[in-house]
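Each chain is listed here by its residues.
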Amino acid sequence: RWVPWIAGFSSDFVSNALNNYMHEKGTVLDPFAGVGTTLVEATLQGHDTIGFEINPYAALACQTKLYAYLIDPRMLQSQILQLQTFYDANIASNYMPKNSAPKGFKTRSDFYSSSVLHKVLIFHDFVDTIENPNIKNLFKVVFAATMVRYSNYSYEPSLGRRVSSGKEEIQDFPVIQTIRNKLAVILEDIIWFQAHIANQSVNAQVINTSFFQYETYLAPESIDMIITSPPYLNNYHYNRNTRPQLYWL
């Protein structure tokens, strides 16, 4: 529930497959990892995991999920409160954000209204102040997971202008509250995750390249099980539909 993904598949399916066929600890591979359903479930069951994912945004989301257990919940909660303080101080002033919209990111109409863009840039200025790399990546993924929601675009299921599907453009939106709400959900999940894998060693790897390069990364006979949802001809253009995330991150 952290990251919407068009071809996500059931964690119960993964869990059942592991229960039926992995009767001792082993190494589970997902050659098309997406945002990490297979890897997370296998990790929760105590297996080592390796995933290949060619899309940099999906790979970041996948990696962020898997390494979330390293985050101190108290530190994350402190960062969430600091975000609100930073935002409140700057939205009420004539603050000029240091960040700007990414160069080369062109859309038929403005992706964000000027009001929403200002809030988004303040958020990115705050992210630049976060020192802990796992928390920083978490904030980036939360932005990426919510960014289309307050834009003038929507998924129908492919990314297109809101007005093309009969929706009004968004002039203003509670951006920081939306991000905070998502972070609050994730904080609960991290606490649960840490309790669930207590005293377990976690060995998880996400490789941001094509699976067809597997010989560079995998030793022969090193994988015990493969579980995946492979790319298929569903007429869904993954690069185009993750273009905002790829540019902004």
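This text gives an overview of the structure that appears in the document. Per chain, the residues get numbers from 1 upward, laid out in the order the sequence is written. At least 70 in pLDDT is required for a residue's local features to be given in this predicted model, at least 80 for side-chain atom pairs to be given and counted, and no such filter applies to totals for whole chains, interfaces and linings, which use all residues. The side-chain quantities take in all heavy atoms of the structure and omit both hydrogens and water.

Let's talk about helix 6 (residues 133-146)
Next up, step 1: We count a stretch as a helix when DSSP gives it H or I for four or more residues in a row; a strand needs E for two or more, and each element gets its number in order from the N terminus. Every helix has an expected span of 1.5 Å times one less than the residues it contains. The terminal C-alpha atoms of helix 6, which comprises 14 residues, lie 20 Å apart, in line with the 20 Å expected from a rise of 1.5 Å per residue.
Next up, step 2: The buried count for helix 6 comes to ten of 14 residues, which makes it a mostly enclosed element.
Next up, step 3: Throughout, exposure labels follow a simple rule: accessible area from a 1.4 Å probe, protein chains only, divided by the maximum for the residue type, with under 20% read as buried, over 50% as exposed, and the rest as partly exposed. Residues Ile 135, Asn 137, Leu 138, Phe 139, Val 141, Val 142, Phe 143, Ala 144, Ala 145 and Thr 146 constitute the buried set of helix 6.
Next up, step 4: Two residues qualify as a contact provided that any one of their heavy atoms is within 4.5 Å of a heavy atom in the partner residue. Packed against the buried residues of helix 6 are helix 3 (56-66), helix 4 (73-91), helix 5 (114-127), helix 7 (175-196) and helix 10 (243-248).
Next up, step 5: Distance and chemistry together define a polar contact, namely a pair of N or O atoms within 3.5 Å, with one atom able to donate a hydrogen and the other to accept it when in protein, and with adjacent residues in sequence counting only for side-chain atoms on both sides. Sitting at the amino-terminal end of helix 6 is Asn 132, which places a side-chain oxygen 3.0 Å from the backbone nitrogen of Asn 134.

Describing the pattern of salt bridges
Next up, step 1: We define a salt bridge as a contact between a side-chain nitrogen of Lys or Arg and a carboxyl oxygen of Asp or Glu at a distance within 4 Å. Enumeration over the complete set of coordinates arrives at five salt bridges.
Next up, step 2: Salt-bridge contacts for Asp 189 lead to Arg 1; the nearest nitrogen and oxygen are separated by 2.7 Å. Residue Asp 189 is found in helix 7, and its partner Arg 1 is found in the segment before helix 1 (11-21); the two are separated by 188 residues along the sequence.
Next up, step 3: Residue class for Arg 1 comes out exposed when judged on its relative accessible area of 65%.
Next up, step 4: Between Asp 48 and Lys 25 there is a salt bridge, with the nearest N and O atoms lying 3.8 Å from each other. With Asp 48 in strand 2 (residues 48-52) and Lys 25 in the loop between helix 1 and strand 1 (27-30), this residue pair connects regions lying 23 residues apart in the sequence.

Notes on the packing of helix 2 (residues 37-44) against helix 3
Next up, step 1: Fitted lines through C-alpha atoms serve as axes, helices being fitted only where they are in contact, and the angles separating the N-to-C directions of these axes extend from 0 to 180 degrees. The interhelical angle for the contact between helix 2 and helix 3, taken along N-to-C directions, is 15 degrees, at an axis separation of 9 Å. With respect to each other, helix 2 and helix 3 are oriented roughly parallel. Seen along the crossing, helix 2 lies across helix 3 with a hand that is right-handed. Every residue of helix 3 that contacts helix 2 at Leu 39, Val 40 and Thr 43 is listed here: Cys 62, Lys 65 and Leu 66.
Next up, step 2: Nonpolar residues are Ala, Val, Leu, Ile, Met, Phe, Trp, Tyr, Cys and Pro. Charged residues are Asp, Glu, Lys and Arg, and all others, Gly as well, are polar. Looking at the contact of helix 2 with helix 3 residue by residue, the class counts come to four nonpolar, one polar and one charged. Under this scheme an angle from 65 to 115 degrees is roughly perpendicular, one under 35 degrees roughly parallel, and one over 145 degrees roughly antiparallel; angles in between are oblique. Rotating anticlockwise by less than a right angle from the far helix to the near helix defines a left-handed crossing, while the corresponding clockwise rotation defines a right-handed one.

Section: the nonpolar core
Next up, step 1: Leu 76, Tyr 112, Phe 139 and Tyr 150 are the most contacted members of the largest nonpolar core, which totals 48 residues.
Next up, step 2: Those elements giving two or more residues to this core turn out to be helix 3, helix 4, helix 5, helix 6 and helix 7.
Next up, step 3: The biggest single contributor to this core is helix 6, with eight residues.
Next up, step 4: Once residues within four sequence positions are removed from consideration, Tyr 150 is found in contact with Tyr 112, Val 116, Val 120, Phe 143, Ile 170, Phe 173, Val 175, Thr 178 and Ile 179.
Next up, step 5: Throughout this description, the term nonpolar core refers to a set of buried Ala, Val, Leu, Ile, Met, Phe, Trp, Tyr and Cys residues connected via side-chain atoms within 4.5 Å. Judged by nonpolar contacts, the second largest core, of eleven residues, contains Leu 44, Ala 59, Cys 62 and Phe 193.

Observations concerning unusual backbone geometry
Next up, step 1: Backbone torsion omega between Glu 156 and Pro 157 reads 5 degrees, so that peptide bond is classified as cis.
Next up, step 2: Relative to the helices and strands, Pro 157 is located in the loop between strand 3 (153-155) and strand 4 (159-161).
Next up, step 3: Positioned with a positive phi, Asn 199 is a non-glycine residue whose angle comes to about 70 degrees.
Next up, step 4: Note on placement: Asn 199 falls in the loop between helix 7 and strand 5 (204-207).
Next up, step 5: You can call Asn 199 exposed: its relative accessible area is 85%.
Next up, step 6: Non-glycine residue Glu 221 carries a positive phi angle of around 55 degrees.
Next up, step 7: By the secondary structure assignment, Glu 221 is in the loop between helix 8 (214-217) and strand 6 (225-226).

Notes on the side chain of Asn 90
Next up, step 1: Mapped onto the elements, Asn 90 comes out in helix 4.
Next up, step 2: Looking at Asn 90, the relative accessible area reads 12%, which means it is buried.
Next up, step 3: Residues in contact with Asn 90, not counting those within four places in the same chain, are Tyr 95 and Ile 122.

Points about the sheet that holds strand 1
Next up, step 1: Spatial ordering of the open sheet is given by 5-2-1-6, a layout of four strands whose pairing is parallel. Strand pairing shows two members of the sheet lacking a second neighbour, strand 5 and strand 6, which therefore form its edges.
Next up, step 2: Examined bridge by bridge, strand 1 and strand 2 share four bridges and lie parallel to one another. Residue pairing in the sheet places Val 28 in a bridge with Thr 49 of strand 2. Strand pairing is defined by DSSP finding a minimum of two bridges between the two strands.

Shape descriptors only; they carry no functional weight alone.
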